[in-house]
Amino acid sequence: MSAHYFEERPEAASRPGTVDLVLPDLHLKLETDRGVFSPEKIDLGTRILLESVPAPPQEGDLLDLGCGYGPIALTMASRAPQARVWAVDVNRRSLELTGRNAQTARLYKVSPVHADEMPPEPRFSAIWSNPAIRIGKPALHAMLTRWLDRLTGDGVAYLVVQKHLGSDSLQRWLGEQGWQATRHTSRAAYRILKVTR
């Protein structure tokens, strides 16, 4: 992979494009660019997540961890218009795209923010994520620990992970850390893990 979508400032030259996010309840045209995650089409794991998880809580703070250009954050905001949706990433190009896509879609409660600039106060009643598995296990575990620790007492996280990229070992690891991690859905070699306290 020449350009890593988990770099803060991608070296890949900009080449803007668009993709269509088409779900039963939502149709959005999203701006994309090189150097971000899955710029050519909505990633299958993301689509399976958005098609299979229950509606998010209707108020409070919600988190899209690793937002890319925003399909998960915008879907959360569309399904929970009263909630504040934090769209977190380390990739500045991704955050800019998410901000523009949210404005275009008139989803003004989406707040794109760099992972290291997130205010410490919000506790999340829901986290939806297609986590960056390719950053490596130590970094992945550190990232998940950091953000899952901010779930509210009754909060729920849904993580989509490809089976051959370690969904089962991740589920075991979460259990060893004291989380309740169950398989919510399994489809097309993807697992949706449901994580609660």
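For the structure given in this document, a descriptive report is provided here. Note that this is a predicted model, so its numbers are computed, not measured.

**Considering the environment of G136**
By the secondary structure assignment, G136 is in the loop between strand 6 (124-129) and helix 4 (137-148). By relative accessible area, G136 is classed as partly exposed at 25%. With 55 residues separating them in the primary sequence, G136 and R191 have C-alpha atoms 18 Å apart.

**Some points on the environment of L140**
Relative to the assigned elements, L140 resides in helix 4. Here L140 falls in the buried class, since its relative accessible area comes to 5%. Residues L140 and N130 lie 10 residues apart in sequence; the distance between their C-alpha atoms is 12 Å.

**Examining the sheet that holds strand 9 (residues 190-196)**
A sheet is described by the order of its strands in space; here 7 strands give the open sequence 5-4-3-6-7-9-8, paired in mixed fashion. Only two strands of the sheet have a single neighbouring strand rather than two, namely strand 5 (110-114) and strand 8 (180-187). Across the sheet, the axes of successive neighbouring strands diverge by a mean angle of 20°, strand direction being ignored. Where helix 2 (residues 71-79) meets the sheet, its contacts fall on strand 3 (61-65), strand 4 (84-89), strand 5 and strand 6, and the angle it forms with strand 6 comes to roughly 140°.

**Observations regarding the nonpolar core**
Judged by nonpolar contacts, the single largest core of 36 residues is most densely connected at L21, L30, L49, L74, V110 and W128. Ranked by residue count, the leading element in this core is helix 2, at 5 residues. The residues touching L30, leaving out its near neighbours within four places in the chain, are G17, T18, V19, L21, I42, Y69, P71, L74 and N101. The next biggest cluster of nonpolar side chains, apart from the first, holds 26 residues, and it includes A115, W147, A157 and W173.

**Regarding helix 2**
Counted residue by residue, helix 2 has 8 buried out of 9 residues, so it is predominantly covered. By the burial criterion, the buried members of helix 2 are P71, I72, A73, L74, T75, M76, A77 and R79.

**So, helix 4**
Look at helix 4: 16 Å from first C-alpha to last across 12 residues, which is about the 16 Å you get at 1.5 Å a residue. Every buried residue of helix 4 is listed here: L140, H141, M143, L144, W147 and L148. Projected onto a plane normal to the axis of helix 4, the buried residues spread over an arc of 165° and lie on a single side. Against strand 3, strand 4, strand 6, strand 7 (151-162), helix 5 (167-176) and strand 9 lie the buried residues of helix 4.

About the cut-offs
- Residues numbered from 1 in each chain as written.
- Predicted model: local features only at pLDDT ≥ 70, side-chain atom pairs only at ≥ 80, totals over all residues.
- Heavy atoms only, no water.
- Helix = DSSP H or I, 4+ residues; strand = E, 2+ residues; numbered from the N terminus.
- Buried < 20%, exposed > 50% of the residue type's maximum accessible area, 1.4 Å probe, protein only.
- Pairing = 2+ DSSP bridges.
- Axes fitted to C-alpha atoms, helices over the stretch in contact; angles between N-to-C directions.
- Contact = heavy atoms within 4.5 Å.
- Core = buried A, V, L, I, M, F, W, Y, C linked by side-chain atoms within 4.5 Å.
- Expected span 1.5 Å × (residues − 1).
- Arc of directions from axis to C-beta.

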